[in-house]
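So the chains spell out like this:
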Amino acid sequence: MVAWQDPSVVAFCAFIYNQIAVFLLGFLGNHVITRMDIEWSLLTRKRRFNPVLLPYLFGRYSILVTLIAFVVTNRFRPRVACDATYKSLALLGSAASYCSTLNLGIRTYIIWKDMNRFVVWVLSFGCVAHAVLVAIQASMSVTFAWDEQLKACYVVQSSNITMFVFYLYTILMDLAILVLTICGLWRKAALKSAIGGALSEQCLWYCMGTFICNIPAVVLPMMNLNLIMNVIASMPATTFSVIMSSAAVLSLQPEEIPETTGQAVTQVRDPPRPGILLGVVAPTSPHQHVTLTTNIVLESRADSAAITSFGTRSSKYTEETGANAV
């Protein structure tokens, strides 16, 4: 049986924790560098900035900064205010996990906002409670101090209760968002549409992935083996959650406009079902191009009011593009 409280075992766990951070930094760095579609389109002004992109951008770069700072401080061991530094990193990491959930929660909010205000209020309250747990997790989860002999920061104590509650709540929020998304699309008769199917499938895969990643982050603090084992699964859980959430956002990015023609031409694989609008600019003549944007517009067969739009283009911009294609 392993003596988890033995100093040599704790030191080995700390070594493994540091190596995990190095691996995660390389893995996340590769993802960010190779998937900068949204950032590049914002910099080149091919995409108009939308506040719904804030969780996506902040989540990606907060966990990236956290991993970089953690690896650098453990590699070069500069003399820093250990507790303040690592609590700041814990805040950024917890906020990244929150943003990964919020990326999908925004979709659920927009789907329900015109159907049932009670659901919207419950979802909003859940997000606020999640944000409060982020602050609690950052301030109480881990305490660090400077060791003069090792010339490095070391863990003084870690709160297994706050870690357990935070990651369990994250799992429950992801599950609630999945259920509300599917129910909302079903109520609007959009579940079997192309966009409705994509949203529900993305939510399902994201919840399955985060559930698998967050289970160790919930179980290990509950077991309370030692200070390092309480937190060792937190960075992998957050990193993979952010990557999966980013992939869901990136899959709904709009097509780019060729600079030579100023037209956006997209091949439509499957025609939309009756009553389901997918941001299509319909042609007025047989020779006119069809523009399909990823502006998500779901319209009920029984209710013609569009209930959701994750458009990164304004309606005015879409109309101008359609006019230029004539």
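Position labels on residues start from 1 in each chain and follow its written sequence. Since the coordinates come from a predicted model, pLDDT governs what is reported: local features require at least 70, and pairs of side-chain atoms require 80 or more to be given and counted, while whole-chain, interface and lining totals use all residues. Here the side-chain values reflect all heavy atoms present in the structure, with hydrogen atoms and water set aside.

1. Brief notes about the overall build of the chain
Secondary structure follows DSSP: runs of H or I at least 4 residues long count as helices, runs of E at least 2 residues long count as strands, and numbering of each begins at the N terminus. Along the chain, the regular secondary structure elements total ten helices and four strands. Starting at the N terminus and ending at the C terminus, the chain contains elements arranged as α-α-α-α-α-β-β-α-α-α-α-β-β-α. A total of 326 residues make up the chain; the buried ones form 47% of that total. Partitioning the contacts of the chain with sequence separation of at least 6, the portion at a separation of at least 24 is 73%. Total accessible area on the chain is roughly 16,800 Å²; 67% of this is exposed by carbon and sulfur atoms. Summary of the burial criterion: residues with accessible area below 20% of their type's maximum are buried, those above 50% are exposed, and those between are partly exposed, where the area comes from a 1.4 Å probe applied to protein chains only. Whether two residues are in contact is decided by their heavy atoms, any of which lying within 4.5 Å being enough. Note that accessible areas follow from Shrake-Rupley with a 1.4 Å probe, and for residues the cover is restricted to the protein chains shown.

2. A word on the packing of helix H4 (residues 82-112) against helix H9 (residues 234-250)
Lines fitted to the C-alpha atoms define the axes, with helices restricted to the stretch that makes contact. Angles between their N-to-C directions range from 0 to 180 degrees. One can describe the packing of H4 onto H9 by two numbers: an axis separation of 9 Å at closest approach and a directional angle of 30°. Taken together, the axes of H4 and H9 are roughly parallel relative to one another. Like other packed secondary-structure pairs, H4 and H9 cross with a definite hand, here left-handed. The segment H4 lies against H9, with Gly93, Ala96, Ser97, Cys99, Ser100, Asn103, Leu104 and Arg107 engaging Thr238, Ser241, Val242, Ser245, Ala248 and Val249. Taken together, the residues that form the contact of H4 with H9 break down as six nonpolar, seven polar and one charged. The labels follow the angle: roughly parallel below 35 degrees, roughly antiparallel above 145, roughly perpendicular from 65 to 115, and oblique for the rest. Crossings are sorted by hand: turned counterclockwise from the far helix by less than a right angle, the near helix makes the crossing left-handed, and turned clockwise it makes it right-handed. Three classes are used: nonpolar for Ala, Val, Leu, Ile, Met, Phe, Trp, Tyr, Cys and Pro, charged for Asp, Glu, Lys and Arg, and polar for all others, with Gly counted as polar.

3. Structural notes on the pairing of strand E1 (residues 142-147)
Following DSSP output, two strands are said to pair if at least two bridges run between them. Sheet topology places E1 next to strand E2 (residues 152-158); six bridges connect them, and they run antiparallel. Bridging across to E2, Asp147 finds its partner in Ala152. Adjacent in sequence and paired antiparallel, E1 and E2 are bridged by four residues, among which Lys151 carries a positive phi angle near 55°.

4. Here's the deal with the state of the cysteines
The disulfide criterion used throughout: a pair of cysteine sulfur atoms within 2.5 Å. This structure, assessed with the given rule, holds one disulfide. Paired through a disulfide, Cys82 and Cys153 show a sulfur-sulfur distance of 2.0 Å. Taking the sign of the S-S torsion, -75° for the link of Cys82 and Cys153, the bridge is left-handed. With Cys82 in helix H4 and Cys153 in strand E2, this pair connects stretches of sequence that are 71 residues apart.

5. Some words on unusual backbone geometry
The backbone phi angle of Arg77 is positive, close to 50°, even though this residue is not glycine. Residue position: Arg77 is located in the loop between helix H3 (54-76) and H4. In this model, Asn224 sits at a positive phi of 55°, which is unusual for a non-glycine residue. Relative to the assigned elements, Asn224 resides in the loop between helix H7 (194-223) and helix H8 (227-231).

6. Considering H4
Compared with an ideal rise of 1.5 Å per residue, which puts 31 residues at 45 Å, H4 spans 44 Å between its outermost C-alpha atoms and is within 8% of the ideal. A residue's bend is the angle separating two fitted axes: one through the seven residues that end there, the other through the seven that start there. At Asn103, H4 shows its largest kink, close to 30°. Here the expected length of a helix is defined as 1.5 Å per residue gap, with one fewer gap than residues.

7. Some words on the side chain of Ser141
Mapped onto the secondary structure, Ser141 falls in the loop between helix H5 (117-140) and E1. For Ser141, a relative accessible area of 3% puts it in the buried group. Within the structure, the side chain of Ser141 is placed 2.6 Å from the backbone oxygen of Gln137, a separation counted as a polar contact. Other than its neighbours up to four places away in sequence, Ser141 contacts Ala90, Ile136, Gln157, Ser158, Ser159, Thr162 and Met163. Polar contact is the term for a pair of N or O atoms within 3.5 Å; when the atoms are in protein, one must be able to donate a hydrogen and the other to accept it, and sequence-neighboring residues count only if both atoms are side-chain atoms.

8. With respect to the pattern of salt bridges
The working definition used for a salt bridge is a side-chain nitrogen of Lys or Arg within 4 Å of a carboxyl oxygen of Asp or Glu. Under the counting rule described, the total for this entry stands at five salt bridges. The partner of Lys151 in a salt bridge is Glu148, and the shortest N-O contact between them spans 3.3 Å. Salt bridges here are not isolated pairs; linked through shared partners, they connect Arg79, Glu148 and Lys151.

9. Observations concerning H5
Relative to the 34 Å expected for 24 residues at 1.5 Å per residue, H5 spans 34 Å between its end C-alpha atoms, a close match to the ideal helical length. For H5, the complete set of buried residues consists of Val119, Val120, Leu123, Gly126, Cys127, His130, Leu133, Val134, Gln137 and Ala138. Looking at the buried positions of H5, the neighbouring elements they touch are H4 and helix H6 (160-187). Measuring from the side-chain oxygen of the N-cap residue of H5 to the backbone nitrogen of Phe118 gives 2.9 Å; that N-cap residue is Asn116.

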